[in-house]
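Single-letter residue listing:
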Amino acid sequence: MKTILITGTTNGIGRVTAMNLARQGHEIVMANRNRQKSERLAKEIIQQTGNTNLSLLDLDLSSLSSVRRCASEFKAAHNKLDILLNNAGMNAPEEVITEDGYESHFAVNNLAQFLLTVELLPALETASPSHVIFVTSMMHKFGKLDFDSFKGWKKYNANASYAQSKLAMQMNAMELAERLRERNIAVNTLHPGAVSTGILDGYSPLQQFLLRLFFTTPEKGARTSMHVLALEGSDLPTGTYFSGSKPAKPGKQVANQVLREKIWNLSCEYCGLTPTL
């Protein structure tokens, strides 16, 4: 039995993944923004799987203080963390600036998940060999880093902002993989496919209807997550991007060490972390 923390389990692939892992008998820690939805899901999981080894954490990824509090609460209740699945994400049609002063895509999809991972390193080290997984998107391949946009765009474009945030996530994940290799903590990323989830909720009903015609189900979308979660021992790589349950080549920019180091240092600065972990 492994202790697995999953963010964003109240809908979509996170919900399916949590249910599947509970059926396998693991200890599941679900970190979500909406406590009522978390509690309802926990009841469903217990009813359907019989696994009562569940716990809930409150987590608002748009708030760095909430991220720190969530990590502290986890460490106070658990000695180790075998797997961290950074599953939650967001896509906002309109620009939003978080309480910390950052553009919401960049804050939620990059900064918060990066900070959560770093804050949980002591628990991951205790469990080593352990595993960190970031659910990213193939959209990172179309991302371009505009360093002047992280606190607000001059002209907002939702797709560009989303792609940029996923590129920053992918870069930081690969940098983490290199830095944590000697600590026996694997770090990998995955693209689950275009999945019909709550990430579309910000769009108009007509836009949602049209988009969902071309999107796959959460059950199918969760297959890549389940594949990567099952990897262990000699089968577990680090610094690998998965798509369709297979290793894939990430965007060319991810290999740009100058850009990668720049986004790493800036992410550390914004999160109040030292660049040398």
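This is a predicted model, so every value here is computed, not measured.

**Regarding the sheet that holds strand E8 (residues 246-248)**
Alright, step 1. Sheet architecture is open: eight strands sit in the order E3-E2-E1-E4-E5-E6-E7-E8, paired in mixed fashion. Whereas interior strands pair on both sides, the edge strands pair on one side only; in this sheet they are strand E3 (54-58) and E8. Sheet twist, expressed as the mean angle between neighbouring strand axes with direction ignored, is 25°.
Alright, step 2. Bridge count between strand E2 (residues 27-32) and E3: five bridges; the pairing is parallel. By the bridge assignment for E3, Met30 is matched with Leu56.
Alright, step 3. Across the face of the sheet, helix H6 (residues 158-180) comes into contact with strand E5 (130-135), strand E6 (185-191) and strand E7 (241-243) while running at roughly 155° to E6.

**A short note on the packing of aromatic side chains**
Alright, step 1. Applying the stated criterion across every chain yields a total of five aromatic pairs.
Alright, step 2. Taking the centre distance of 3.9 Å and the plane angle of 5° together, the rings of Phe106 and Phe150 count as stacked. Here Phe106, found in helix H4 (residues 104-119), pairs with Phe150, found in the loop between E5 and H6; they are 44 residues apart in sequence, far enough to count as distant. For the residue pair Phe106 and Phe150, the accessibility class agrees, reading buried in each case.
Alright, step 3. We note Lys262 situated over the ring of Phe147; from NZ or CZ to the ring centre the distance is 4.2 Å.

**A closer look at the environment of Met138**
Alright, step 1. Following the sequence through the fold, Met138 ends up in the loop between E5 and H6.
Alright, step 2. For Met138, a relative accessible area of 31% translates into the label partly exposed.
Alright, step 3. Among residues more than four places away in sequence, those in contact with Met138 are His191 and Tyr241.

**Some words on the confidence of the model for the chain**
Alright, step 1. Of all residues in the chain, 91% attain a pLDDT of 70 or more, and the chain-wide mean is 92.
Alright, step 2. The low-confidence segment residues 206-214 (pLDDT under 50) makes nine contacts with residues lying over four places distant or belonging to another chain.

**Side note on the pattern of salt bridges**
Alright, step 1. Overall, the coordinates contain ten salt bridges when judged by the stated rule.
Alright, step 2. Between Glu119 and Lys75 there is a salt bridge; the shortest N-O distance is 4.0 Å. One end of the pair, Glu119, is in helix H4; the other, Lys75, is in helix H3 (residues 64-77), with 44 residues separating them in the sequence.
Alright, step 3. A salt bridge links Glu175 to Arg179; the shortest N-O distance between them is 3.1 Å. With Glu175 and Arg179 both in helix H6 and four residues apart, this pair spans about one turn of that helix.

Thresholds, definitions, all that
- Residues numbered from 1 in each chain as written.
- Predicted model: local features only at pLDDT ≥ 70, side-chain atom pairs only at ≥ 80, totals over all residues.
- Heavy atoms only, no water.
- Pairing = 2+ DSSP bridges.
- Helix = DSSP H or I, 4+ residues; strand = E, 2+ residues; numbered from the N terminus.
- Axes fitted to C-alpha atoms, helices over the stretch in contact; angles between N-to-C directions.
- Contact = heavy atoms within 4.5 Å.
- Phe/Tyr/Trp six-rings, centres within 6.5 Å; stacked < 30°, edge-to-face > 60°.
- Buried < 20%, exposed > 50% of the residue type's maximum accessible area, 1.4 Å probe, protein only.
- Lys NZ or Arg CZ within 6 Å of the ring centre and 35° of its normal.
- pLDDT = per-residue confidence, 0-100.
- Salt bridge = Lys/Arg side-chain N within 4 Å of Asp/Glu carboxyl O.

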